[in-house]
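Each chain is listed here by its residues.
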Amino acid sequence: MKLPGPLHPLNEVLAFLLELAALAVLARWGWESAASIVPRLLLAVAAPVAAAVLWGLFAAPKARFRVPLAGVLAVKALVFGAAAATLAGLERPGWATAFAVVVVVNTALATLDRRERAGV
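Computed from a predicted model, the values in this text were never measured in an experiment.

Colleague: Is there a simple way to explain helix 3 (residues 69-89) in this structure?
Modeller: Spacing of three or four residues puts side chains on the same side of an α-helix, whose turn is 3.6 residues. For helix 3, which comprises 21 residues, the first-to-last C-alpha distance of 29 Å matches the rise-based estimate of 30 Å (1.5 Å per residue) to within 8%. Here helix 3 has its buried residues at Val72, Val75, Lys76, Val79, Phe80, Ala83, Ala84, Thr86 and Leu87. Down the axis, helix 3 shows its buried residues gathered within 160° of arc, on one side only. Exposed side chains of helix 3 directed beyond 90 degrees from the buried face belong to Ala70, Ala77, Leu78 and Gly89.

This is how it looks when you write it as structure tokens:
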């Protein structure tokens, strides 16, 4: 299924915003996970950095390592799933559900669109 006209770039922008939101949620989790300032800062930086490195290595459009689609989707599920679980853990179940639904729809549309554009 090829997305018509302006829907392709809009879906790509939404994907990027979802990625940024996931990193922000993971940083928030890191900040909320410890009582003292040093562990808070370390976790608030380490969690999103770990997710970004994993994404950059395997899931980004120009990923360092080319993996099959299943591998890319697994990394996305791990990062986005961690963000959704974090929102639920931060007592934001509505946000967690909404985030997960938007991620699934966006990822499905992007995957179908890319496959059609690539002629697969």
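Colleague: Just to check I follow, could you spell out a nonpolar patch on the surface for this structure?
Modeller: Together, Trp31, Ile37, Val38, Leu41 and Leu42 make up a nonpolar patch on the protein surface, roughly 470 Å² of accessible area in all. Among the elements that line the nonpolar patch, the one with the most residues is helix 2 (residues 37-58), at four residues. Looking at the element boundaries, valine 38 is found in helix 2.

Colleague: Before we go on, may I ask you to explain the packing of aromatic side chains in this structure?
Modeller: One pair of aromatic rings is described through two measures. These are the centre distance and the angle between the planes. All chains considered together, the criterion is met by three aromatic pairs. Ring plane angle 70° and centroid distance 5.9 Å describe the contact between phenylalanine 80 and phenylalanine 99, whose orientation is recorded as edge-to-face. Pair noted here: phenylalanine 80 is in helix 3 and phenylalanine 99 is in helix 4 (residues 93-118), with a separation of 19 residues, a long-range link. Classification of phenylalanine 80 by relative accessible area gives buried; the value is 7%. Members of the aromatic cluster, each reached through a chain of ring pairs, are Trp55, Phe80 and Phe99. Directly above the ring of phenylalanine 65 sits arginine 64, whose terminal nitrogen or CZ lies 5.8 Å from the centroid.

Cut-offs applied
- Residues numbered from 1 in each chain as written.
- Predicted model: local features only at pLDDT ≥ 70, side-chain atom pairs only at ≥ 80, totals over all residues.
- Heavy atoms only, no water.
- Helix = DSSP H or I, 4+ residues; strand = E, 2+ residues; numbered from the N terminus.
- Expected span 1.5 Å × (residues − 1).
- Buried < 20%, exposed > 50% of the residue type's maximum accessible area, 1.4 Å probe, protein only.
- Arc of directions from axis to C-beta.
- Patch = residues over 30% accessible without salt bridge, like charges linked within 9 Å, V, L, I, M, F, W, Y side chains within 5 Å.
- Areas by Shrake-Rupley, 256 points an atom, 1.4 Å probe, with all protein chains shown as cover.
- Salt bridge = Lys/Arg side-chain N within 4 Å of Asp/Glu carboxyl O.
- Phe/Tyr/Trp six-rings, centres within 6.5 Å; stacked < 30°, edge-to-face > 60°.
- Lys NZ or Arg CZ within 6 Å of the ring centre and 35° of its normal.

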